[in-house]
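Survey of secondary and tertiary structure
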Amino acid sequence: MTGNLYRGQAGLPFSSTLRVYEPLDAFPEGQRNAIRTAGARTASRAAVENAELLASLGRITRSGGDPFPTGRTDLVRVTSIPGVPPGRTPQAGMSDAGAAAGPGAAASPGAEAGLSAGTGSGSGTEPDTGVAGHDAGTGRVLLYCPSQLVLRAGLAANALMEGIHGPLAEMLIPEEQRDKHQERIDQVKARDGAIRVHTRASTWGIPFSWFSLFTESDHKDVVESGGRILTVRVWAPITEAMERARYAVAHLALAAPDLDMLDDLAQLTEWLALFHVNSMVELDYGAVADKVYPDESPMDIRLGIECLADGDMTGAAAAYRRLASRWIPIRQLARAS
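Residues numbered from 1 in each chain as written. Predicted model: local features only at pLDDT ≥ 70, side-chain atom pairs only at ≥ 80, totals over all residues. Heavy atoms only, no water.

1. Comments concerning the side chain of Q148
This is how it is decided: Helix and strand definitions here come from DSSP, where helices need a minimum of 4 consecutive H or I residues and strands a minimum of 2 consecutive E residues; each element is numbered from the N-terminal end. Contacts described as polar in this section are N or O atom pairs within 3.5 Å, which, within protein, must combine one atom able to donate a hydrogen with one able to accept it, while residues neighboring in sequence count only if both atoms come from side chains.
Position of Q148 among the secondary structure elements: in the loop between strand 4 (140-146) and helix 5 (149-162). Of note is the side chain of Q148, whose polar atom sits 2.8 Å from the backbone oxygen of R196.

Okay, here's the thing in structure tokens:
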């Protein structure tokens, strides 16, 4: 059953995510031990995805009518990049990977089976970290992305209530349960203080604005099984992702100020600015990868923006047509019976 869930074969919507992984010292001191311990327990990336999916189905079907997560077993995803000697600060605009390997070197996130070189290869033991957030055995910096399901479920419920399906949502999620979950959110905020939500999710397709954060040359992990692509993950240092987003905002503001994508990009830039300079950004296609990969959307977005900046409306329209032909059929599945 879990394998089918991970392959998107249980009738669930295609879900894609944009995640930010931060070094351990970017988190409040009171959270670091719990995050590091949870990350060390991670057996594999596939196990994390399956656990989240199974837990979500369990919440929907459990008695009592409360569909919200409690946060008692929040998961943490872990990856790693080549480290720098303790005490050394990477240059501005350069990730730890770039500082260790030189300008232009590609960061190499953890493999699918073990998540990172420092997670004990799925052994469930905490890595030997001589310096917090470093794997003493390999010299690699560990990066963490907590699931934060309590906060994200609250945000998703609020968005649902404010949308066109608000009346239906009120029937599916009773007010009593929403109030109960708000108490959980208040407890999390009181405990952890200011919260940076590390994950953004999208169903039935990937927002075009997300592709502006990546280029064709960024590191990719293609995860396959049984002749199917389970997912594709693309990685970029956060400083590079922010530079690309700001470039797109600057040119769209001049050439296409009424474009919805401009607002999306402005919000993305503000969101990325909340995180540590040595973070990594991950685009996880999810099960939709099997429908669209190999995917040239990052290139089409880049070419489209460059054409707009040059006043080449024909080239911009051609780039949009390529994007639309690839993603509109996916989005139409949301309304298919």
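The discussion continues.
2. Focus: the packing of aromatic side chains
The relation between two aromatic rings is expressed through the spacing of the ring centres and the mutual angle of the planes. Formally: Here a pair means two rings of Phe, Tyr or Trp (six-membered ring of Trp) with centres within 6.5 Å. Their orientation is stacked below 30 degrees between planes, edge-to-face above 60, and tilted elsewhere. Burial status follows relative accessibility: with a 1.4 Å probe on protein chains alone, a residue under 20% of its type maximum counts as buried, one over 50% as exposed, and anything between as partly exposed. Charge over a ring is defined by NZ of Lys or CZ of Arg lying within 6 Å of the ring centre and within 35 degrees of the ring normal.
Following the criterion strictly, the structure yields 5 aromatic pairs and no others. For the pair F211 and W327, a centre-to-centre distance of 5.7 Å together with 40 degrees between the ring planes defines the contact as tilted. Taken as a pair, F211 in helix 8 (residues 208-211) and W327 in helix 13 (residues 313-332) lie far apart in primary sequence, 116 residues in all. In this structure, F211 and W327 share a single accessibility class: buried. Consider the rings of W271 and F275, whose centres lie 5.5 Å apart with planes at 85 degrees: the pair is edge-to-face. Taking the relative accessible area as the measure of exposure, F275 reaches 8% and is therefore buried. Through pairs of rings, three or more aromatic residues link up here, namely F211, Y285 and W327. Looking at R331, its charged tip hangs above the ring of F208, at a distance of 4.6 Å from the centre.

3. Brief notes about helix 13
The criterion, for reference: Multiplying 1.5 Å by the residue count of a helix minus one yields the expected span of that helix. The angle between axes fitted to the seven-residue stretch ending at a residue and the seven-residue stretch beginning at it gives the bend at that residue. A contact between two residues is defined here by any heavy atoms of the two lying within 4.5 Å.
For helix 13, with 20 residues, the first-to-last C-alpha span of 27 Å sits near the 28 Å given by 1.5 Å per residue. The largest bend along helix 13 reaches roughly 30 degrees and is located at A324. Within helix 13, burial applies to G315, A316, A319, L323, A324, R326, W327 and I330. Packed against the buried residues of helix 13 are helix 8, helix 11 (289-292) and helix 12 (297-309). You can read the cap of helix 13 off the contacts: a side-chain oxygen lies 3.3 Å from the backbone nitrogen of T314, and it is on D312.

4. Things to note about the nonpolar core
Selection rule: Residues belong to one nonpolar core when they are buried, are Ala, Val, Leu, Ile, Met, Phe, Trp, Tyr or Cys, and are joined through side-chain atoms within 4.5 Å.
L18, L213, L272, V281, L283, Y285 and W327 are the most contacted members of the largest nonpolar core, which totals 42 residues. Not counting residues up to four positions away in its chain, the partners in contact with L272 are V20, L213, I238, A241, M242 and V281. In terms of nonpolar packing, the next biggest core, distinct from the first, is built from 8 residues, L24, A38, V78 and L142 among them.

5. Re the packing of helix 12 against helix 13
Put simply, the rule reads: Fitted lines through C-alpha atoms give the axes, limited to the stretch in contact for helices. The angle between two N-to-C directions lies from 0 to 180 degrees. Any angle from 65 to 115 degrees is called roughly perpendicular, while one under 35 is roughly parallel, one over 145 is roughly antiparallel, and all others are oblique. Here is the rule for handedness: rotate from the far helix to the near one, and if that takes an anticlockwise turn smaller than a right angle the crossing is left-handed, while a clockwise turn gives right-handed. When residues are grouped by polarity, Ala, Val, Leu, Ile, Met, Phe, Trp, Tyr, Cys and Pro land in nonpolar, Asp, Glu, Lys and Arg in charged, and all others, Gly among them, in polar.
Orientation of helix 12 relative to helix 13, taken along the N-to-C sense of each, is 155 degrees, at an axis distance of 7 Å. By the angle class used here, helix 12 and helix 13 are roughly antiparallel. The chirality of how helix 12 crosses helix 13 is left-handed. Across the interface between the two elements, S297, D300, I301, L303, G304, C307 and L308 from helix 12 touch M313, G315, A316, A319, R322, L323, R326 and W327 from helix 13. The residue inventory of the contact of helix 12 with helix 13, partitioned by class, reads 9 nonpolar, 3 polar and 3 charged.

6. Digging into the pattern of salt bridges
For clarity, the threshold we go by: Definition used for salt bridges: Asp or Glu carboxyl oxygen within 4 Å of a side-chain nitrogen of Lys or Arg.
Within this structure, the stated rule accounts for 18 salt bridges. One salt bridge in this structure joins R45 and D284, with 3.3 Å as the shortest N-O distance. A residue pair is termed long-range when its members are at least 10 positions apart, and R45 in helix 3 (residues 45-61) and D284 in strand 8 (residues 280-284) qualify at 239 residues. We note that R45, like D284, is buried.

7. Focus on the pairing of strand 7 (residues 228-237)
We count it as follows: The pairing criterion is simple: DSSP has to find at least two bridges between the two strands.
Counting buried positions along strand 7 gives 9 out of 10 residues, so the element sits mostly inside the fold. With 6 bridges connecting them, strand 6 (residues 220-225) and strand 7 associate as antiparallel partners. Bridge pairing links V223 to T231 in strand 7. Two strands pair when backbone bridges link them, and strand 7 and strand 8 are joined in this way by 5 bridges, in the antiparallel orientation. For V234, the partnering residue across the bridge sits in strand 8 and is L283.

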